[in-house]
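Here is what each chain is made of, one letter per residue.
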2 protein chains.
Amino acid sequence: PGKKVLIVYAHQEPKSFNGSLLKIAVEELTKQGCIVTVSDLYAMQFEPRATRNDIVGHLHNSEVFNYSVETWEAYKTGALSKDLVEEQKKVQEADLLIFQFPLFWFNMPAILKGWMDRVLVQGFAYDLSKAYDGGLLQDKLSLFSFTTGGTQETYSNKGINGDIRYVLWPIQHGIMHFCGVKVLEPHICYAPEHASEEKRKEMLTAWTQRLKTLWKEEPIDCSPEWYFK
Amino acid sequence: PGKKVLIVYAHQEPKSFNGSLLKIAVEELTKQGCIVTVSDLYAMQFEPRATRNDIVGHLHNSEVFNYSVETWEAYKTGALSKDLVEEQKKVQEADLLIFQFPLFWFNMPAILKGWMDRVLVQGFAYDLSKAYDGGLLQDKLSLFSFTTGGTQETYSNKGINGDIRYVLWPIQHGIMHFCGVKVLEPHICYAPEHASEEKRKEMLTAWTQRLKTLWKEEPIDCSPEWYFK
């Protein structure tokens, strides 16, 4: 109770299965007394492109545009664009970040990747030699909750898509762990579009159940062993 | 000679190291007699968001918007938006796809991920049970050419970022191999921003040299063994 949660949500359709998972999370966490904020990226028409527009006013080096350097400088001088500052504030205040999305091409949809690219800038999320366990967003938890098109069998060690954990390495380790954020077990709903109505309901119930005891969970050990055995 | 190459390029600055790598590829391949097309995503202000706007006219199901279903239907009836049709035509005509970009958060920048999300739709790039070796874009080659922020040591098996091949799994296997496209060895320039001018020149020369014998290369065996040993 009193914990702050930011849900970054990337689906176009409120009536989708992802929409139901979002609704469940908002309701269950609110019921627990958490303060829940949602960044509904499609509804916000969130900009995924990392461009010069992310810096207000003059550039540090207008001769050769370097996005990482420019946003780092702009972060320090308070010259990042308003939409980024707002997202950073939400991240800063949150105890837990939940990312809710459909897996698109073995990764998050571009609109959510753009959120990572633009919001988690140097100075804010990490810094010179402040990465991984020294990252700047320590004391925060993260949880990737997503749906897949393929079945669980295809995402197994022997399946054609390979172990689902292979897909999680760039996301959980490369982004969250890099920023010092601890990672809870992912929540994966396999192929809801091809599941029976009964199976879909079971999956939704399982998410509600998991959320009830979420705050008692321990983060995973985000090392190569977890991903590649 | 006569081979068609599509370079999908995702950097904001022509004077960047990525810009130099692009220039080299265009020049060297043109010199060989190849027909080279460039999709310069930032210059095109390419839209990375997968939305209803990608379908011209009526939706198949306007009650519940499902991007995958709608774009599949739109592909079949010729109702995809003009920018997607143009990119698909370029892909269709190409013998080789080169992706040139800076690695952003262990993956491609959102603008390029959006190109994958929106261009490689069902019906065009894959179909029901037509995936991987049965994918629809067979007889094409692909090559991921990218720069990193971290050094080669950090992207090794014992390094903090893990083996660089872990990062390539979702991109090469999950996207290209899924569509039936064969994958050439990636071309990686580690940390050019922190390299000496001499070292940077060496890296550019190495790219020119590689391109000279590119058409003699054999694709990698895109199986879990290549990525995870």
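Predicted, not measured: the structure shown is a model, and the values here were computed from it.

Definitions and limits used
- Residues numbered from 1 in each chain as written.
- Chains lettered and ligands numbered in written order.
- Predicted model: local features only at pLDDT ≥ 70, side-chain atom pairs only at ≥ 80, totals over all residues.
- Heavy atoms only, no water.
- Helix = DSSP H or I, 4+ residues; strand = E, 2+ residues; numbered from the N terminus.
- Expected span 1.5 Å × (residues − 1).
- Buried < 20%, exposed > 50% of the residue type's maximum accessible area, 1.4 Å probe, protein only.
- UniProt positions renumbered as here; feature names shortened; annotations may be inferred.
- Contact = heavy atoms within 4.5 Å.
- Buried area = accessible area lost by both parts, 1.4 Å probe.
- Salt bridge = Lys/Arg side-chain N within 4 Å of Asp/Glu carboxyl O.
- Polar contact = N/O pair within 3.5 Å; in protein donor to acceptor, adjacent residues only side chain to side chain.
- Nonpolar A, V, L, I, M, F, W, Y, C, P; charged D, E, K, R; others polar.
- Least-squares fit on C-alpha atoms with pLDDT ≥ 70 in both.

Chemist: Any chance you could explain helix α5 (residues 164-176) of chain A here in plain terms?
Modeler: Residues separated by three or four positions in an α-helix point in the same direction, a consequence of the helix having 3.6 residues per turn. Residues and elements named next belong to chain A. The first and last C-alpha atoms of α5 sit 17 Å apart over 13 residues, in line with the 18 Å expected at 1.5 Å per residue. Within α5, 12 of the 13 residues are buried, leaving the element largely enclosed by the surrounding structure. Within the span of α5, buried status applies to Ile164, Tyr166, Val167, Leu168, Trp169, Pro170, Ile171, Gln172, His173, Gly174, Ile175 and Met176.

Chemist: For this particular structure, what's the right way to read the environment of Glu27(B)?
Modeler: Its place among the elements puts Glu27(B) in helix α1 (residues 17-31). Taking the C-alpha atoms as reference points, Glu27(B) and Tyr166(B), separated by 139 residues in sequence, lie 31 Å from one another.

Chemist: What's the story with the UniProt feature "domain: Flavodoxin-like fold" (unreviewed entry) in chain A in this structure? I'm lost.
Modeler: With numbering matched to this structure, UniProt assigns "domain: Flavodoxin-like fold" (unreviewed entry) to residues 3-211 of chain A. Helix makes up 36% of residues 3-211 of chain A and strand 15%, with an end-to-end C-alpha separation of 13 Å.

Chemist: Looking at this structure, I do not really get the interface of chain A and chain B. What am I missing?
Modeler: Bring the parts together and some accessible area is lost; that lost area is often taken as the interface size. On the side of chain B, 45 residues touch chain A, which itself brings 45 residues to the contact. Buried area between chain A and chain B, both sides added, is near 4000 Å², and the carbon and sulfur share of it is 63%. In terms of surface lost to chain B, no three residues of chain A exceed Arg49(A), Trp105(A) and Phe106(A), which account for 21% of the buried area on that side. Viewed at the interface, chain B and chain A are joined by two salt bridges. Here Glu63(B) and Lys15(A) are joined by a salt bridge, their closest N and O atoms 4.0 Å apart. Linking chain A with chain B are 24 residue pairs in polar contact (both at pLDDT 80 or more), by the criterion used here. The residue inventory of the side of chain A that touches chain B, partitioned by class, reads 26 nonpolar, 11 polar and eight charged.

Chemist: How do you make sense of the side chain of His173(B) when you look at a structure like this?
Modeler: Summarising the element assignment, His173(B) is placed in helix α5 (residues 164-176). Excluding residues within four positions of it along the chain, His173(B) makes contact with Phe106(A), Ile160(A), Asn161(A), Tyr132(B), Leu168(B), Phe178(B), Cys222(B) and Tyr227(B).

Chemist: I would appreciate a short explanation of the environment of Lys90(A) in the present structure.
Modeler: Locating Lys90(A) in the fold gives a position in helix α3 (residues 82-93). Those residues in contact with Lys90(A), other than ones at most four positions away along the chain, are Leu6(A), Thr37(A), Ser39(A) and Met44(A).

Chemist: Explain the relation of the copies chain A and chain B here, please?
Modeler: Under the fitted operation, chain A is carried onto chain B by 0.0 Å of movement along the axis and a turn of 180°, and the coordinates agree to an RMSD of 0.0 Å. The relationship between the two copies is best expressed as a two-fold rotation axis. Relative to the rotation axis, the closest C-alpha in chain A is found at Ala110(A), a distance of 2.4 Å. Here 100% of the contact residues of chain A are again contact residues in chain B; the copies associate through an equivalent surface.

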